[in-house]
Amino acid sequence: FMDAVLRRARKDAGIRAIGDDEDEKAEKAAKTQMPIVSISERARRVAQGTLAAIAVPAIRWTILSQTAGLFAIAAYAALVPLFIERGLGHSKATAGLVLAAIIPVIAIATWAGGVLVKRQKWSVQQQLKFSLVTVLVATPLSCVFLLKSLAAVAPCLAIAMIAAFLRTAPS
């Protein structure tokens, strides 16, 4: 009790003593400390927030479409180099180079899609129609396993990636 009284008197008089800074920090931390919440309460809050977000149709469809897109990307990342190596008979280095060359194409397509949507000032319905068209273009081009030449596979993959990622930029 006396320590608190002395600290208060020093503070009022403008006198600082060794250790006052730590005491002030401890007092501020005690005042601003969030209440302790159990793990089950945190899980309940996260579940409520998730359900509230999923209740919004735009968020729900965005999550579903991006999830589907990520499955396609995962398939490309895993299977295209394998196909180029085994199906076309090229080395691992060539297969990796083809896939590595597509990454900047994806970045440019994503950026270009955002610029296109912003400049055209498309509504949500127009953006969905554009997305449908890009998927319809990308899907047949993704069937590169029917082709037997790397000279044909690489451009088809690039065009498919442009079409697939042109729709993914935020507007």
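Here's what I pulled together on the structure shown here. (Residues numbered from 1 in each chain as written. Predicted model: local features only at pLDDT ≥ 70, side-chain atom pairs only at ≥ 80, totals over all residues. Heavy atoms only, no water.)

With that settled, consider the overall build of the protein. When helices and strands are tallied, the protein shows seven helices and zero strands. By the burial criterion, 20% of the 171 residues in the protein qualify as buried. Within the protein, contacts between residues at least 6 apart in sequence are counted, and of these 62% link residues at least 24 apart. As displayed, the protein offers around 12,400 Å² of accessible surface, 69% of which is attributable to carbon and sulfur atoms. (Helix = DSSP H or I, 4+ residues; strand = E, 2+ residues; numbered from the N terminus. Buried < 20%, exposed > 50% of the residue type's maximum accessible area, 1.4 Å probe, protein only. Contact = heavy atoms within 4.5 Å. Areas by Shrake-Rupley, 256 points an atom, 1.4 Å probe, with all protein chains shown as cover.)

This brings us to the environment of Phe-83. Tracing the chain through its elements places Phe-83 in helix α4 (residues 57-87). Using a relative accessible area of 17% as the deciding quantity, one classes Phe-83 as buried. When the C-alpha positions of Phe-83 and Ala-95 are compared, they lie 8.3 Å apart, and in sequence the two are 12 residues distant.

Following the sequence through the fold, Ser-91 ends up in the loop between α4 and α5 (92-120). What makes Ser-91 partly exposed here is its relative accessible area of 38%. For the pair Ser-91 and Pro-81, spaced 10 residues apart in sequence, the C-alpha separation works out to 9.4 Å. Within the structure, the side chain of Ser-91 is placed 3.1 Å from the side chain of Thr-94, a separation counted as a polar contact. (Polar contact = N/O pair within 3.5 Å; in protein donor to acceptor, adjacent residues only side chain to side chain.)

So, about the nonpolar core. Within the largest apolar cluster, 19 residues are counted, with the highest numbers of intra-cluster contacts made by Ile-84 and Leu-157. Elements supplying a minimum of two residues to this core: α4, α5 and α7 (150-165). Here this core gets eight residues from one element, more than from any other, and that element is α7. (Core = buried A, V, L, I, M, F, W, Y, C linked by side-chain atoms within 4.5 Å.)

Let's shift gears to α5. The end-to-end C-alpha separation of α5 is 42 Å, in line with the 42 Å expected for 29 residues at 1.5 Å each. Taken residue by residue, α5 has Ala-95, Val-98, Ile-102, Ile-106, Ala-109, Gly-113, Gly-114 and Val-117 as its buried positions. Residues of α5 that are buried make contact with α4, α6 (124-141) and α7. Where α5 ends, the next residue or the one after it, Lys-121, has phi of about 50°, a positive value. (Expected span 1.5 Å × (residues − 1).)

A separate point is the packing of α4 against α7. For the pair α4 and α7, the least separation of the axes is 13 Å and the interaxial angle reads 175°. With respect to their mutual orientation, α4 and α7 come out roughly antiparallel. Between α4, through Ile-73, Tyr-76, Val-80, Phe-83 and Ile-84, and α7, the contact on the second element is made entirely by Leu-150, Val-153, Leu-157, Ala-160, Met-161 and Phe-165. Along the lines of polarity and charge, the residues of the contact of α4 with α7 split into 11 nonpolar, no polar and no charged. (Axes fitted to C-alpha atoms, helices over the stretch in contact; angles between N-to-C directions. Parallel < 35°, antiparallel > 145°, perpendicular 65-115°, else oblique. Nonpolar A, V, L, I, M, F, W, Y, C, P; charged D, E, K, R; others polar.)

One non-glycine residue with positive phi stands out, namely Lys-121, at about 50°. As for its placement among the helices and strands, Lys-121 is situated in the loop between α5 and α6.

With that settled, the discussion passes to the pattern of salt bridges. Any two side chains of opposite charge can pair, given that their charged atoms come close. For the structure on display, the rule yields two salt bridges. Across the pair Glu-41 and Arg-44 runs a salt bridge whose closest N-O atoms are separated by 2.5 Å. One end of the pair is Glu-41 and the other is Arg-44, both in helix α3 (residues 39-54) and three residues apart, which spans about a single turn. With a shortest N-O distance of 3.1 Å, Arg-45 and Glu-41 are connected by a salt bridge. Taken together, the positions of Arg-45 and Glu-41, both in helix α3 and four residues apart, correspond to about one turn of that helix. Owing to a relative accessible area of 49%, Arg-45 belongs among the partly exposed residues under this scheme. By sharing partners, the salt bridges in this structure join Glu-41, Arg-44 and Arg-45 into a single network. (Salt bridge = Lys/Arg side-chain N within 4 Å of Asp/Glu carboxyl O.)

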